Amino acid sequence: PYELEMTMHASGWAFLQDGRPDAAHTEFESARADAAARGDAFQVARALEGLVALGRLADEDVTALETEMLEIHDRLGIIATPTFPTTPVSQT
């Protein structure tokens, strides 16, 4: 259910802010896979937002992830989504 993906998203962002990008990646990927299996495009896009943020922090090429995310946003009419701090709390 979508509640599980929402929990994974929250955990992903919390892990990222705690300086644990590998754990955050696992949560976002799990949320993406679960949402995709249920055909929930909105939750897939939310998970992709986390993966894009992680990739940018690691200076990785996120073009494919971002393209997929933006295509879903366009298809669903999403104009804006919440933003989350990506700097680990220990570095603020």
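Residues numbered from 1 in each chain as written. Predicted model: local features only at pLDDT ≥ 70, side-chain atom pairs only at ≥ 80, totals over all residues. Heavy atoms only, no water.

## Remarks on the pattern of salt bridges
So, step 1. Counted according to the given criterion, the structure contains 6 salt bridges.
So, step 2. A salt bridge links glutamate 66 to arginine 56, with the nearest nitrogen and oxygen atoms 2.2 Å apart. Here glutamate 66 is found in helix H4 (residues 63-76), whereas its partner arginine 56 is found in helix H3 (residues 41-57), with 10 residues between them in sequence.
So, step 3. Residue classification places glutamate 66 among the partly exposed positions, given a relative accessible area of 25%.
So, step 4. Linked through salt bridges whose partners overlap, the residues forming this network are Glu29, Arg32 and Glu68. (Salt bridge = Lys/Arg side-chain N within 4 Å of Asp/Glu carboxyl O. Helix = DSSP H or I, 4+ residues; strand = E, 2+ residues; numbered from the N terminus. Buried < 20%, exposed > 50% of the residue type's maximum accessible area, 1.4 Å probe, protein only.)

## As for the confidence of the model for the protein chain
So, step 1. Confidence in the prediction of the protein chain, expressed as mean pLDDT, is 90, and 92% of residues score 70 or more.
So, step 2. Summarising per-element confidence for the protein chain, the mean pLDDT is lowest in helix H1 (residues 2-17) (84) and highest in H4 (97). (pLDDT = per-residue confidence, 0-100.)

## Remarks on the packing of helix H2 (residues 21-38) against H3
So, step 1. One way to put it is that H2 packs onto H3 with a least axis distance of 8 Å and a crossing angle of 155°. On the basis of the axis angle, H2 is roughly antiparallel to H3. For H2 against H3, the interelement crossing comes out left-handed. Contact residues: H2 offers Pro21, Ala24, His25, Phe28, Glu29, Ala31, Arg32, Ala35, Ala36 and Arg38, while H3 offers Gln43, Val44, Ala47, Leu48, Gly50, Leu51 and Leu54. (Axes fitted to C-alpha atoms, helices over the stretch in contact; angles between N-to-C directions. Parallel < 35°, antiparallel > 145°, perpendicular 65-115°, else oblique. Left-handed = near helix turned anticlockwise from the far one by under 90°. Contact = heavy atoms within 4.5 Å.)

## What to know about the nonpolar core
So, step 1. Ranked by internal contacts, the top residues of the largest apolar core, which has 16 residues, are Phe28, Leu48 and Ile72.
So, step 2. Only H1, H2, H3 and H4 provide two or more residues apiece to this core.
So, step 3. Looking at this core element by element, the count peaks at 8 residues for H3. (Core = buried A, V, L, I, M, F, W, Y, C linked by side-chain atoms within 4.5 Å.)

## Describing the packing of aromatic side chains
So, step 1. Across all of its chains, the model carries 2 aromatic pairs by this definition.
So, step 2. With 5.3 Å between their ring centres and 70° between their planes, tryptophan 13 and phenylalanine 28 make a pair best called edge-to-face. One end of the pair, tryptophan 13, is in helix H1; the other, phenylalanine 28, is in helix H2, and 15 residues separate them in sequence. For the pair shown, tryptophan 13 and phenylalanine 28 are each scored as buried.
So, step 3. With a centroid separation of 4.8 Å and an interplanar angle of 25°, the aromatic rings of tryptophan 13 and phenylalanine 84 are classed as stacked. Highlighted residues: tryptophan 13 in helix H1 and phenylalanine 84 in the segment after H4, separated in sequence by 71 residues.
So, step 4. Classification of phenylalanine 84 as partly exposed rests on a relative accessible area of 34%.
So, step 5. Among the aromatic residues, ring-to-ring pairing joins Trp13, Phe28 and Phe84 into one connected group. (Phe/Tyr/Trp six-rings, centres within 6.5 Å; stacked < 30°, edge-to-face > 60°.)

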